[in-house]
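Structural characterization, general
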Amino acid sequence: MGEVPCGCSEHVGRTIINDVYTADVETIFQLLFTDANFFRDFLMARNTINIDIGEWQEQTDSSKLRDLNYTVALNYSFGPKFSPTTEHQVYSSSGQPGLKHLVHTEVMNRNIPYAETFFVSCQYCMTRVAHDKMRLRITANINYRKSCWGVVKNLIEKNAGDGLRSYYNHLDSFLKEHLASHPAHCRTKHRRKRQRHGPRLRHRKTAQPAPSPPSPTHHQPTSHFGG
C-alpha cells in the first residue's frame, strides 16, 4: 500500500508542517487530540493554563465535535497579560482508523486588541505512509469577521505568522524527540489496538490544547496564535 491521500479538495492558508514521522497514524492522533501526557507536557512549556477539554460528541453525519477552553499567557510590555481562549475542533467523518484522521480547528481569543476582528483556523491531516510512518500536514489561515484598516491587518498577519512558526517549530521538535525516545514496537502495538476500534476519544480531563492567536502588537505572546 502506498501513501494514503488525505482527500481534502484544497488546503487553505499557509502550510506550517508537512513532514513524515516515524510513527503510525493512531499514535499521532492520540498524542495530539486526547489528554495524552505528551501534549500536557508540551503545553506546560508554552505557559498555557486553566485547561478544560470537552468530550468528543458524535454528530448525525458521523463527524465529532469538542470545545476546549484555556488561558494563554501574554508577554506584552503593557496591556493584558492573559487571554481566555476557546478552541472548537471538528473531527471529520472521512477519517479511517489506521489510514487517516482529519481535524479542523478554530481558535478565538478574548480580552486582546482586535480579538473581535479575526480568528485562526487550522487543518490537521494525518495520513498513513507505511506501516511505521505517517505524514502530518498542518495548514493555517487567518479569517476576518469584519474589515479592518490595512495597518491593523498587516500587524495581525505579521504577528500571527511569527506566532505560528514559533509554536509549530517547537511542536515538531518536541514530537520527534518523543517518538525517538519510545521503542518502535510500542507504537506498532498501539496502532494495531486502535485500528480495530478507531481513535479512542477520551473524556473531559485537565489537559493541554493548542494555543491561541496573538494580539496585533509589536510584542509576541509566549504561545502561538492558532491551534
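Here, every reference points to the structure presented above.
First, a word on scope: everything that follows refers to the structure included in this document. (Residues numbered from 1 in each chain as written. Predicted model: local features only at pLDDT ≥ 70, side-chain atom pairs only at ≥ 80, totals over all residues. Heavy atoms only, no water.)

Regarding the packing of helix H2 (residues 37–44) against helix H3 (residues 150–180)
Note the following rule: To obtain an axis, a line is fitted to C-alpha atoms, over the contacting stretch when the element is a helix, and the angle between two such axes runs from 0 to 180 degrees between their N-to-C directions. Secondary structure elements are defined from DSSP: runs of H or I of at least 4 residues count as helices, runs of E of at least 2 residues count as strands, and each element is numbered from the N terminus. The cut-offs work like this: below 35 degrees is roughly parallel, past 145 is roughly antiparallel, 65 to 115 is roughly perpendicular, and the gaps in between are oblique. Helix crossings get a hand from a simple test, with the near helix turned counterclockwise from the far one by less than a right angle marking a left-handed crossing and a clockwise turn marking a right-handed one. Contacts are residue-level and defined by heavy atoms, with any inter-residue pair within 4.5 Å sufficient. For this scheme, ten residues count as nonpolar: Ala, Val, Leu, Ile, Met, Phe, Trp, Tyr, Cys and Pro. Four count as charged, namely Asp, Glu, Lys and Arg, and the remainder, Gly too, count as polar.
With their axes 11 Å apart at the nearest point, H2 and H3 run at an angle of 135 degrees to one another. Looking at the two axes, H2 sits oblique to H3. The hand of the H2/H3 crossing is right-handed. Within the contact between the two elements, H2 uses Phe38, Phe39, Asp41, Phe42 and Leu43 and H3 uses Tyr167, His170, Leu171, Phe174, Leu175 and His178. For the contact of H2 with H3, the per-class residue count stands at eight nonpolar, two polar and one charged.

Digging into the environment of His11
Inspection of the secondary structure assignment puts His11 in the segment before strand E1 (14–21). Contact partners of His11, with chain neighbours within four places excluded, come to Cys6, Cys125, Arg137 and Thr139.

Examining the pattern of salt bridges
Put simply, the rule reads: Counted as salt bridges are all cases of a side-chain nitrogen of Lys or Arg within 4 Å of a carboxyl oxygen of Asp or Glu. Exposure classes here rest on a 1.4 Å probe applied to the protein chains alone. A residue is buried below 20% of its type maximum, exposed above 50%, and partly exposed in between.
Under the defined criterion, the tally for this structure stands at four salt bridges. When the shortest N-O distance is used, the salt bridge between Glu157 and Arg14 registers 3.3 Å. Taken as a pair, Glu157 in helix H3 and Arg14 in strand E1 lie far apart in primary sequence, 143 residues in all. When the shortest N-O distance is used, the salt bridge between Lys176 and Asp19 registers 2.7 Å. Residue Lys176 is located in helix H3, and its partner Asp19 is located in strand E1; the two are separated by 157 residues in the primary sequence. For Lys176, a relative accessible area of 34% corresponds to the partly exposed category. Residues joined by salt bridges that share partners form a network here, namely Asp19, Asp172 and Lys176.

Quick word on the pairing of strand E6 (residues 100–109)
For the record, the criterion: Paired strands are those between which DSSP finds at least two bridges.
Counting buried residues along E6, seven of its ten residues qualify, which places the element largely inside the surrounding structure. Taken together, the seven bridges between strand E5 (residues 82–91) and E6 define a ladder with antiparallel strand orientation. For Thr86, the partnering residue across the bridge sits in E6 and is Met108. Across eight bridges, E6 lies against strand E7 (residues 118–130) in antiparallel orientation. By the bridge assignment for E7, His101 is matched with Met126.

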